[in-house]
Every structure is written in C-alpha cells, then in structure tokens.
Amino acid sequence: MSLLVLGSIALDTVKTPIEEHADLLGGSASYAAVAASFFTPVKLVGIVGDDFPSEHIEFFKSRNVDLEGLQIVPGKTFRWSGEYMWDMNQRETRSVELNVFENFTPELPEAYRSSRFVLLGNIAPALQHHVLDQLIRPHFVIADTMDLWINIAKEELLSLIARVDMLILNDGEARELTGETSLIKAGRRIREMGPAFVAIKKGEHGCLLFGENQFFSCPAYPLEDIHDPTGAGDCFAGGLAGYLASRHLTDADLGEKKGVPFDMMRQAVVEGSVVASFNVESFSMDRLRKVTKEENSERYEIFRTLSRFEALDA
Ligand code: AMP
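Let us look at the structure shown here. Predicted model, so just to flag it, every value in this text is computed and none were measured.

As a further point, take the packing of helix α3 (residues 125-134) against helix α5 (residues 154-161). Where α3 meets α5, the axes come as close as 9 Å, and the angle between the chain directions of the two elements is 35°. Handedness of the α3/α5 crossing: left-handed. The residues of α5 that touch α3, namely those facing Pro125, Ala126, Gln128, His129 and Leu132, are Glu156, Leu157, Ser159 and Leu160. Its residues placed into classes, the contact of α3 with α5 shows 5 nonpolar, 3 polar and 1 charged.

Shown next, in the form of structure tokens:
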C-alpha cells in the first residue's frame, strides 16, 4: 500500500564545525519520502520552483516516488540554511527563503485522495489541514511538526492534533506544547488531545512511544560518525510511516479506534530509527542512496538487541 507524504522540498545549505555544503536536496517531505521508499511506494505532495535540479527529480523517480502531486512552478525553490554547533544536537537556523512556498496550496490529484496511509510532514498546520480535508476516509494519519508552529500557529496545530492518529515531535517541542517538564506526562497529555499514538524524539538519545496504557523507550543507535543530523526526524517519521503502510493493514485490522497493534508500532519505531541513523552519516541523502538491504538488516538486529534485556540469573 502506498504512503502519501506532504511537506517541504528544499535546497539546503548546511554548516557543521567541520564542513559546509550548499544547494543540497532537503526538506521534510524529501527526507520522509526517501526514507519511506525503503518500505513502500510513495506519493509526494509539495512544491518546487523551476530552478529545482532535474537530477533530484530523477532521484525521486528512481526511489519509486510518484510525482503527480509535485507542483513545479515559475520561481525559486524553498531554501533553508542551518549551522550545527560542536554538540550536534544544537542547531541554529541561519536563513529561510520561502520563495514558491509562499503561495503554496497543496491540491491532491484524484488518485491521491483515496490514500490510506498519510504522513503530514513538517509544514504549516493550515496546509496539513488542507490536505486532510481532501482525503476520503484515510486509515491512519501521522503528523510531524516543529517549534515554529507551536509559536506562531498554536490553535491550528491543536485542531490538527485532534484530527490525527499519531503525532511525532521532539522533546523540547513536547514540553513547550504541554507545559510539562516530564516527558512521560507530556506524552500522556498529547494523547489526551486526540492521537492514539505519540512519539517523542530525543535526538541522539532515542525516542519514547506512547500508546493506550503502553509505553516503549527506543534506544538510539550508538553512532560514531555523525556528519549531518539534518532530516533525521523526517527520516524517522518517513521510515515509520512507510513500514506501517507496507503492512497492508485493512479497515478491519485497524477497527473503529484505529488500533494499530502496539507491537507493530514498536517495530515501526525501530525501523524509522534505523533509517534515521543511516541518514546522519552523510550530508543530504547521500548515505541513504547507498544503504544496502544487508546493512539495513544488520543495524535492525543491533537495535533489537539494544532494546531487549535478559536477566543473567534467569
Ligand atoms: P529536521 O532536521 O528534521 O528539523 O529537518 C530539516 C529540514 O526541514 C531541512 O531540510 C529544511 O529544508 C526543512 N525545513 C526547515 N524549516 C522548515 C519550515 N519552516 N517548514 C518546512 N520545512 C522546513
């Protein structure tokens, strides 16, 4: 089953204490779509300008990403630039150029409206609502967000949260959204706002998954070489959503309460973490272009071992 992915498609400039690269393929939807494509075909909804390099279009196509929902309009593509500190968890946005994004209204092609699995990647909540409004009975909708929308579009974000089945956000955003210092309380509070599942990302320290009376703390993969953390969160969301879509869950499986089994969601969190861990090993999507099935399974097994505890004196 294919996954519909909405979000930004960008040309990024990224600076770390070691290197700087300009005009990289980036954006929440680009990262999420490529990560999801490891598991399932993707339908991409976004906008770029006529300066968008054709090699990136060819790359999406090579990953089985359908581009009927991609608008290519006269003007410049959205541009974002960020700088990482020595602690790669710390990032400062240096500049944002909205360009063609400024007048973006996502219109779904007819074939996209019946999409069952949907990832509303990080983008203005009004646009996430607009896509949701065009869908005919989606099975399972996941939304990602960022601190910017909590600060400038909180009401729209809260009404979006009430409409989705899962929310993904990072630890700082979860605290800001709920006013709770404890992430456990924050996760519970967000579930009370509507979504059956909440995933709170903790950067290089893993992630917390909340379901109905169930909880999973996913460890982080102990990476030695982090070159560019940009898009890790989007890859996590894309990998997780792509994995779920690939499971061919039907209405009957999901039931009235959109009950993705907790064990399946736990596995989806691990699958998303594996893809995200590869992505940070290189700038843009360079590492994801080369990951082999064997490397993926090897890392998945390490994650499984890390998240299991067996008593020595059992
Ligand atoms: P992350 O590292 O997961 O926060 O995602 C970084 C990606 O988000 C970059 O590739 C940016 O192009 C994109 N991005 C940055 N700011 C925004 C924004 N306001 N709306 C949508 N995407 C953004």
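There is more to say, and it comes next.
Before going further, it helps to examine the packing of aromatic side chains. With the rule as written, the count across this model stands at 9 aromatic pairs. Centre to centre, the rings of Phe59 and Phe60 are 6.4 Å apart; their planes meet at 25°, and the pair counts as stacked. Classification of Phe60 by relative accessible area gives buried; the value is 0%. On the numbers, 6.4 Å between centres and 35° between planes, the contact of Phe117 with Phe140 is tilted. With a gap of 23 residues between them, Phe117 in strand β9 (residues 117-120) and Phe140 in strand β10 (residues 140-144) connect regions that are remote in the sequence. Neither residue differs from the other here; Phe117 and Phe140 are each classed as buried. Each member of the aromatic cluster is reached from another via a ring pair, and the members are Phe117, Phe140, Phe197 and Phe262. Sitting over the ring of Phe59, Arg289 keeps its end group 3.8 Å from the ring centre.

For the coordinates displayed, the defined rule picks out 16 salt bridges. Ionic pairing is found between Glu97 and Lys76, a salt bridge with its closest N-O pair at 3.7 Å. Of this pair, Glu97 sits in strand β8 (residues 91-97) while Lys76 sits in the loop between β6 (70-73) and β7 (78-84), and the two are 21 residues apart along the sequence. With a relative accessible area of 33%, Glu97 lands in the partly exposed category. Close ionic contact of Arg94 with Glu83 constitutes a salt bridge, the shortest N to O distance being 3.4 Å. Pair noted here: Arg94 is in strand β8 and Glu83 is in strand β7, with a separation of 11 residues, a long-range link. Take Arg94: its relative accessible area is 40%, and that puts it in the partly exposed class. Residue class for Glu83 comes out partly exposed when judged on its relative accessible area of 24%.

Below, the discussion takes up the site of the ligand. Lining the immediate surroundings of the ligand are 17 residues, of which Ser8, Asp12, Gly27, Arg91 and Gly231 lie closest. Gly27 is positioned with one of its backbone polar atoms (N or O) 2.7 Å from an oxygen atom of the ligand. Protein burial of the ligand: of its 510 Å² of free accessible surface, 88% is covered by the chains. Going through the elements one at a time, β2 (10-15), β7, α4 (147-152) and α8 (232-246) are the ones with two or more residues in the shell around the ligand. Of the residues assigned to the shell around the ligand, the class counts are 7 nonpolar, 7 polar and 3 charged.

On to the pairing of strand β4 (residues 42-49), then. Among the 8 residues that make up β4, 8 are buried, leaving the element largely enclosed by the rest of the structure. Here β4 shows no split at all, with Val42, Leu44, Gly46 and Val48 on one side and Lys43, Val45, Ile47 and Gly49 on the other all buried. With 4 bridges connecting them, strand β1 (residues 3-6) and β4 associate as parallel partners. Bridge pairing links Val5 to Leu44 in β4. In this sheet, strand β5 (residues 65-66) lies alongside β4 in parallel orientation, the contact comprising 2 bridges. When the sheet's bridge partners are listed, Lys43 is paired in β5 with Asp66. Crossover β4 to β5 through helix α2 (residues 54-62) is right-handed. Pairing geometry for β4 and β6, over 4 bridges, is parallel. Across the sheet, residue Val48 finds its bridge partner in β6, namely Ile72.

Before going further, it helps to examine unusual backbone geometry. A positive phi angle, near 40°, is found at Arg137, a position not held by glycine. Tracing the chain through its elements places Arg137 in the loop between α3 and β10. You will see that Ser284, though not glycine, has its phi angle at about 50°, which is positive. For Ser284, the position within the fold is in the loop between α10 (262-279) and α11 (293-306).

Across soluble globular proteins, nonpolar side chains show a tendency to be buried alongside one another. If you look at the biggest cluster of nonpolar residues, it comprises 59 residues, and the most contacted ones within it are Leu44, Phe140, Ile142, Met166, Leu240, Leu244 and Met265. A per-element tally of this core places α10 first, with 10 residues. Counting 42 residues, the second largest nonpolar core, distinct from the first, contains Leu177, Leu183, Leu208 and Phe283.

Cut-offs applied
Residues numbered from 1 in each chain as written. Predicted model: local features only at pLDDT ≥ 70, side-chain atom pairs only at ≥ 80, totals over all residues. Heavy atoms only, no water. Axes fitted to C-alpha atoms, helices over the stretch in contact; angles between N-to-C directions. Helix = DSSP H or I, 4+ residues; strand = E, 2+ residues; numbered from the N terminus. Left-handed = near helix turned anticlockwise from the far one by under 90°. Contact = heavy atoms within 4.5 Å. Nonpolar A, V, L, I, M, F, W, Y, C, P; charged D, E, K, R; others polar. Phe/Tyr/Trp six-rings, centres within 6.5 Å; stacked < 30°, edge-to-face > 60°. Buried < 20%, exposed > 50% of the residue type's maximum accessible area, 1.4 Å probe, protein only. Lys NZ or Arg CZ within 6 Å of the ring centre and 35° of its normal. Salt bridge = Lys/Arg side-chain N within 4 Å of Asp/Glu carboxyl O. Near = heavy atom within 4 Å. Polar contact = N/O pair within 3.5 Å; in protein donor to acceptor, adjacent residues only side chain to side chain. Areas by Shrake-Rupley, 256 points an atom, 1.4 Å probe, with all protein chains shown as cover. Pairing = 2+ DSSP bridges. Right-handed = clockwise from strand over helix to strand, strands pointing away. Core = buried A, V, L, I, M, F, W, Y, C linked by side-chain atoms within 4.5 Å.

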